[in-house]
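Understanding the architecture of this molecule
The chain contents come next:
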Amino acid sequence: QVQLMESGGGLVQPGGSLRLSCAHSGGIGSINTKAWYRQAPGEQLELVAAMTDNGLTNYADSVKGRFAISRDNTKNTFYLQMNNLKPEDTAVYYCKIKEYGYNYWGQGTQVTVSS
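Calculation notes
Residues numbered from 1 in each chain as written. Predicted model: local features only at pLDDT ≥ 70, side-chain atom pairs only at ≥ 80, totals over all residues. Heavy atoms only, no water. Patch = residues over 30% accessible without salt bridge, like charges linked within 9 Å, V, L, I, M, F, W, Y side chains within 5 Å. Areas by Shrake-Rupley, 256 points an atom, 1.4 Å probe, with all protein chains shown as cover. Salt bridge = Lys/Arg side-chain N within 4 Å of Asp/Glu carboxyl O. Helix = DSSP H or I, 4+ residues; strand = E, 2+ residues; numbered from the N terminus. Buried < 20%, exposed > 50% of the residue type's maximum accessible area, 1.4 Å probe, protein only. Contact = heavy atoms within 4.5 Å. Polar contact = N/O pair within 3.5 Å; in protein donor to acceptor, adjacent residues only side chain to side chain. Pairing = 2+ DSSP bridges. Axes fitted to C-alpha atoms, helices over the stretch in contact; angles between N-to-C directions. Phe/Tyr/Trp six-rings, centres within 6.5 Å; stacked < 30°, edge-to-face > 60°. Core = buried A, V, L, I, M, F, W, Y, C linked by side-chain atoms within 4.5 Å.

Turning to a nonpolar patch on the surface, a few remarks are in order. Among the surface-exposed residues, Ile31, Tyr100 and Tyr102 lie close enough to one another that they form a single nonpolar patch of about 400 Å² accessible area. Residue position: Ile31 is located in the loop between β3 (18-25) and β4 (33-39). Among the residues examined, Ile31 registers a relative accessible area of 44% and is labelled partly exposed.

Right, here's the structure in full:
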């Protein structure tokens, strides 16, 4: 059974940084797309960043230059480094792996940016 578990969320001041982690287990292979989404209160789910199996990345315009997605296949973990955080980055962040047409989601982690 595939499981994804996020960690690293919390409260941070504007301009600060956080690194989210998504540890996965249960048979995820190497041909997939890894992604981070977020959902703010009253808003739709938004794609923040994604990485294909061959390392291509794409980002939401609102986070380009501030966020970076990366992976460590030896640890079955991928990351979202978030720098220069803004109050509008406040949301629940979810990790997702799409493999062979199936979407696997984590449970979400809260990120709050506030002074």
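Our next topic: the environment of Lys34. Relative to the helices and strands, Lys34 is located in strand β4. Each C-alpha atom of the pair Lys34 and Lys98 lies 6.6 Å from the other, and the pair is 64 residues apart in sequence. In this structure, Lys34 is in contact with His24, Ala49, Ala50, Met51, Ile69, Asn73, Phe78, Lys96 and Ile97, ignoring residues within four places of it in sequence. Here the side chain of Lys34 touches Asn32 through a polar contact of 2.8 Å, side chain to side chain.

Here Thr109 lies in strand β11 (residues 109-113). In terms of polar contacts, Thr109 uses its side chain to reach the backbone amide nitrogen of Gly9, at 3.4 Å.

Strand order in the open sheet made by the four strands is β1-β3-β8-β7, with antiparallel pairing throughout. The open sheet terminates on both sides in strands that have one partner only, identified here as β1 (3-7) and β7 (67-72). Averaged over all neighbouring strand pairs, the angle between strand axes comes to 15°, with direction disregarded. Here β7 pairs with strand β8 (residues 77-82) via six bridges, running antiparallel. Bridge pairing in β8 links Asp72 to Thr77.

Glancing now at the packing of aromatic side chains. On inspection of all chains with the given rule, the structure shows four aromatic pairs. Judged by centre distance (6.5 Å) and plane angle (25°), the rings of Tyr102 and Tyr104 are stacked. By relative accessible area, Tyr104 is classed as partly exposed at 23%. By the ring-pair criterion, three or more aromatic residues cluster together here, those being Tyr37, Tyr94 and Trp105.

Before going further, it helps to examine the nonpolar core. Counting residues in each nonpolar core, the largest one holds 24 residues, and the members touching the most others are Trp36, Val48, Phe67, Leu80, Met82 and Tyr93. Listed by contribution, the elements that provide at least two residues to this core are β3, β5 (46-51), β7, β8, β9 (91-99) and β11. With four residues, β9 is the largest single contributor of residues to this core. With residues up to four places along the chain from it excluded, the contact list for Val48 reads Trp36, Tyr37, Arg38, Asn58, Tyr59, Ala60, Val63, Phe67, Leu80 and Tyr93.

Remember, this is a structural readout, not a statement about activity or role.
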